[in-house]
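Fold and contact review
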Amino acid sequence: MKKNFTGLDVLRGIGIFALLVMHTAFYHFEGLFELDLSNPPAIVTLIGLILMFAGVFAMISGLVHTHQHYRKINQQKVPFDAAVKYNLISGVLILIVAYLYFIFTGPGLADMSAKFMSNSILVELFTSGKLISTTVERVLYVDSLVMIGMNILLMGVFFRFHHRFFKKITPNFYLISALLFFAFSLIRIPLYTIYLDALDSGNWLVTLLLNWLVNKNNPVFPYLSFALIGAWISALILTVDFKKVVRQVLPLGIILFIGGVVLYITLPDTMLQRSIDPVWFALMMAQNGLFMLFVLAALKFYDFGKPRVPGFISRFFIRFGVAGLTIFFIESVFSAAIASTLRIFIPSLAFDIPGSLTFGLILALLWGIVLMIWEKSGYKFGIEYFYTRILKKYGGSAKEDKLVENKR
């Protein structure tokens, strides 16, 4: 039973690298609030689409945590309850990091109608010199880290159901769960309206009950289905050879991707308005299929194809996949500090679309160099470093070995 999947580290790393570039580009683009969202430039639509790619992290997380769960039980002989407890602690830790991130160091929330950017505490400090408190909107916002933490916790529920009704690993349990949950996620469309009404009227009971389920941007509906698809792929890997995995996953991925694209093309374009409507569901369908294909391709190329040692470019992205959470945690503050410093020397500095993309790319490449140097210490004192040490008390994390793999 494999301990780690190199392909998933590469895929995760590419995703984090892309988000670093796009975060910086989006939040430092001077003309953001003057955009005509009814007829935006193609590059803006592309950036908006990439910023909605959180589902790939959900799918990778679901696959990895499922694989780790069964490896602990079947290979390390960890009792089932202890394995689920490990899953619980892991999810709680990610949620703690998620809320610290979005309150203190995360990116801004753009209010296009009010032409206002709601920044995190430290980003606002570096941007304007003002020390602010956080807002209800930022606390309630379901960003990608909150989504991953919630998915990890909820996966424990599905592990318990599986353990209760099946004596051996049954991939179809996770597939049927994923598809049913994805279809049921259509309920987010009416529930989101109810959520907004409750928030506006100060009905905090309904607001809090629905927040993780339906609030923007990456709620349980539908992102748990992405994690369950990852769990299905993991269960297949554990029970059949990879050729059979491909024969089952590839057709479904293609069907979902093509079906979602067809729906997106035929429905009115509301993507940049971030409306929760049938277009949103079409995008989720297409992404679910597309990410299945990404995961298959990454696993085939790095883990189940002909043996290959990752080259320089692969190693560059693997570092982001292994220790990118720490970089993700501080990148908004760092980019705000750099931009503010540049404006001291160039007061008229303003980033257009090409300029903001270049700025984002340069900073992301600099982070790659930082990770290259930091790797030599085993990424000591980063978030992943402390995360693995806490989890060591509950059976250990496979990530711990990856942190020190190239330590020298």
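Before going into details, it helps to say that this report is about the structure given with it. (Residues numbered from 1 in each chain as written. Predicted model: local features only at pLDDT ≥ 70, side-chain atom pairs only at ≥ 80, totals over all residues. Heavy atoms only, no water.)

Bringing helix α16 (residues 383-391) into the picture now. Taken together, the buried positions of α16 are occupied by I383, E384, Y385, Y387, T388 and L391. Of the surrounding secondary structure, the elements contacted by the buried residues of α16 are α3 (54-74), α4 (80-105), α14 (312-345) and α17 (399-403). (Buried < 20%, exposed > 50% of the residue type's maximum accessible area, 1.4 Å probe, protein only. Helix = DSSP H or I, 4+ residues; strand = E, 2+ residues; numbered from the N terminus. Contact = heavy atoms within 4.5 Å.)

A word on a nonpolar patch on the surface. A cluster of nonpolar residues, L88, V92, I96, L100, F104, L122, L125, F126 and L131, forms a patch on the protein surface that exposes about 770 Å² of accessible area. Secondary structure elements with two or more residues in the nonpolar patch: α4 and α5 (121-128). Of the residues forming the nonpolar patch, the biggest block, 5 residues, is contributed by α4. Along the chain, L88 turns up in helix α4. Residue class for L88 comes out partly exposed when judged on its relative accessible area of 45%. (Patch = residues over 30% accessible without salt bridge, like charges linked within 9 Å, V, L, I, M, F, W, Y side chains within 5 Å. Areas by Shrake-Rupley, 256 points an atom, 1.4 Å probe, with all protein chains shown as cover. Salt bridge = Lys/Arg side-chain N within 4 Å of Asp/Glu carboxyl O.)

This brings us to the environment of L140. By the element assignment, L140 lies in helix α6 (residues 136-140). A sequence separation of 41 residues divides L140 from Y99, and the C-alpha atoms of the two residues are 9.5 Å apart. Residues in contact with L140, not counting those within four places in the same chain, are Y195, L199, W204, T207, L208, N211 and N215.

The final tally for this structure, using the stated rule, is 5 cavities of 30 Å³ or more. Roughly 650 Å³ of volume is contained in the largest cavity. Lining the largest cavity are 36 residues, with R12, S61, H65, G321 and K399 sitting closest to its centre. Among the secondary structure elements, those contributing two or more residues to the lining of the largest cavity are α1 (6-28), α3, α4, α7 (144-165), α14, α16 and α17. If one sorts the elements of the lining of the largest cavity by residue count, α3 sits on top with 8 residues. Among the residues forming the lining of the largest cavity, the class breakdown is 19 nonpolar, 10 polar and 7 charged. (1 Å grid on protein atoms, 1.4 Å probe; cavity = no way out; pocket = protein on both sides within 12 Å on 5 of 7 lines; lining within 4 Å. Points joined across faces, edges and corners; volume = space filled by probe spheres on them. Nonpolar A, V, L, I, M, F, W, Y, C, P; charged D, E, K, R; others polar.)

Turning our eyes to something else, we now look at the side chain of N211. Here N211 shows up in helix α10 (residues 204-214). We classify N211 as buried; its relative accessible area is 4%. With residues up to four places along the chain from it excluded, the contact list for N211 reads L140, V142 and Y195.

The next subject is the nonpolar core. Core analysis: the biggest nonpolar cluster contains 110 residues, and Y174, W232, I233 and L299 have the highest contact counts within it. Take this core: its biggest share by element is 14 residues, from helix α11 (residues 220-239). Counting 5 residues, the second largest nonpolar core, distinct from the first, contains F29, V44, M117 and I353. (Core = buried A, V, L, I, M, F, W, Y, C linked by side-chain atoms within 4.5 Å.)

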